[in-house]
Structure formats: structure tokens, C-alpha cells
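Examination of the molecular architecture
What follows is the residue order along each chain.
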Amino acid sequence: MNEKVSALLNDQINKEFYSAYLYLDMANFYTQKGLDGFANWFEIQAREEQDHAMLMYRYLQNNGEKVTLEAVAKPDKTFQTLTDPLKAGLEHERYVTSLINRIYEAAQEAKDFRATQFLDWFIKEQGEEEKNSMDLITKMELFGDDARSLYMLNSELAGRVYSAPSLVL
Ligand code: FEO
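Reference entry: report on the structure contained in this document. Quick caveat: nothing in here was measured; it's all calculated off a predicted structure. One numbering rule holds for all chains: residues counted from 1, following each sequence as written. Per-residue local features are limited, in this predicted model, to residues with pLDDT of at least 70; the limit for side-chain atom pairs, both in listing and counting, is 80 or more; totals at the level of whole chains, interfaces and linings are taken over all residues. Derived side-chain values reflect all non-hydrogen atoms in the structure, with water molecules and hydrogen atoms excluded from consideration.

**Considerations on the environment of Glu-65**
Defined as follows: Here a strand is any run of E in DSSP of at least two residues, a helix any run of H or I of at least four, and the numbering for each starts at the N terminus. Any two residues whose heavy atoms approach within 4.5 Å are treated as being in contact.
Mapped onto the elements, Glu-65 comes out in the loop between helix H2 (36–62) and helix H3 (84–109). Between the C-alpha atom of Glu-65 and that of Ser-6, which follows or precedes it by 59 residues, the distance is 7.3 Å. In this structure, Glu-65 is in contact with Met-1, Ser-6 and Leu-60, ignoring residues within four places of it in sequence.

Right, dumping it as C-alpha cells:
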């Protein structure tokens, strides 16, 4: 594999585990606020991030690359309002999109077409992640101030179920 593409993917494994940690901390915030549905939504989000990391881990191994695991940073965001984690989540996803785009660009430059094909799934996934985050912020801004609506939104989010990623290596 191209050295740069391999290094960026290796680094992204760490970023994905950090994302999982960050979302778990957001779930933790909502649990403390008594909003189990919001917590469920973020716990599933955290599981998805672990899946992303594992897909990259396996892809590198399948291509004969050595994976190096680094320390995962502490989630360092603090939240005041119930909307804060949602906004921080969207901001974080936009950052992750920029990282994925950078790896994609490196793979294109290296003419590593297997890597671009692998990354296509992540490009699409980032679009979905950003949309989900934006939708949640919109709902919260529309209904979050009303206790009954917040209760219903929490119930809706409690219904989210985990499903394994559609990308199989
Ligand atoms: Fe792994 Fe939320 O992107």
C-alpha cells in the first residue's frame, strides 16, 4: 500500500475510537439528565464508530499493513444545555468528513483504487451522519422547549436499534 494512505488510515482508526468515546460521553450526559432515549441514540452512535475503526483496522490487515494502536484521547467537551451535545456532534462529524476526504484525496493521488473503493462507503456514511445530526438539532430546536414534546422525542430516540455496518470486508 501507499505509505501515506496507510498512515492516514491507521491514524483514522484512533480518530474513530475517539469518536466512540466522545459519543459515549454524550450518552453519559443524557443519562445523567434522565433522558434515556437520547442516551440510547448516542450509545448506538458510539457502537457505529467502533465499527468504523474496526473496518479500517481489518482493511489495513487484509492489505498486509501493520496496524499501530495509539492512546485514545479523553473526551474533553463540556455541555450545559440539552442541545449542546447535538451541536458538538454535528461539528465533530463535519471534522471527520474532512478527515475522510483527506484520506480519499491521498488515495486518489496514489492511484490506490482499492482504497478509494473502500472509502466510498465512508464518504456516503459521513453524509448520513451529518444529516442525522442536523435532523436531530432541528427537532430539538422545534420541540425541545416543550416538556411533553421532549418526552416524545426521547421516546422516539429510545427506539433506535443498532444494526451492523452494511460494508463487509
Ligand atoms: Fe465514523 Fe461518525 O463517523
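**Let's talk about the packing of H2 against helix H4 (residues 113–143)**
This is how it is decided: Only C-alpha atoms enter the line fits that serve as axes; for helices the fit covers just the stretch in contact. Angles between N-to-C directions range over 0 to 180 degrees. Here the angle decides the label: under 35 degrees means roughly parallel, over 145 means roughly antiparallel, 65 to 115 means roughly perpendicular, and every other value means oblique. When residues are grouped by polarity, Ala, Val, Leu, Ile, Met, Phe, Trp, Tyr, Cys and Pro land in nonpolar, Asp, Glu, Lys and Arg in charged, and all others, Gly among them, in polar.
Two numbers describe how H2 lies on H4: the axes approach to 12 Å, and their chain directions differ by 170°. As far as their axial angle goes, H4 and H2 are roughly antiparallel. Every residue of H4 that contacts H2 at Phe-38, Trp-41, Gln-45, Glu-48, Glu-49, His-52, Leu-55, Met-56 and Tyr-59 is listed here: Arg-114, Ala-115, Phe-118, Trp-121, Phe-122, Glu-125, Glu-129, Asn-132, Leu-136 and Met-140. Class assignment of the residues belonging to the contact of H2 with H4 gives a composition of 11 nonpolar, 3 polar and 5 charged.

**Some thoughts on the nonpolar core**
As a rule of thumb, nonpolar side chains are buried together in soluble globular proteins. Stated precisely, the cut-off is as follows: Throughout, nonpolar core names a set of buried Ala, Val, Leu, Ile, Met, Phe, Trp, Tyr and Cys residues whose side chains join them through atoms within 4.5 Å. The cut-offs for exposure are 20% and 50% of the maximum accessible area for each residue type, with area from a 1.4 Å probe on protein chains only; residues under the lower value are buried, those over the upper are exposed, and the others partly exposed.
Counting 24 residues, the largest nonpolar core has Met-26, Tyr-30, Phe-38, Phe-42, Leu-86 and Met-140 as the members making the most contacts within it. For this core, the secondary-structure elements that each account for two or more residues are helix H1 (3–32), H2, H3, H4 and helix H5 (147–158). The element contributing the most residues to this core is H1, with 8 residues. With residues near it in sequence (within four places) discarded, Tyr-30 still touches Leu-35, Phe-38, Ala-39, Phe-42, Leu-82, Pro-85 and Leu-86. Counting 22 residues, the second-largest nonpolar core is a separate cluster that includes Ala-53, Val-96, Trp-121 and Leu-167.

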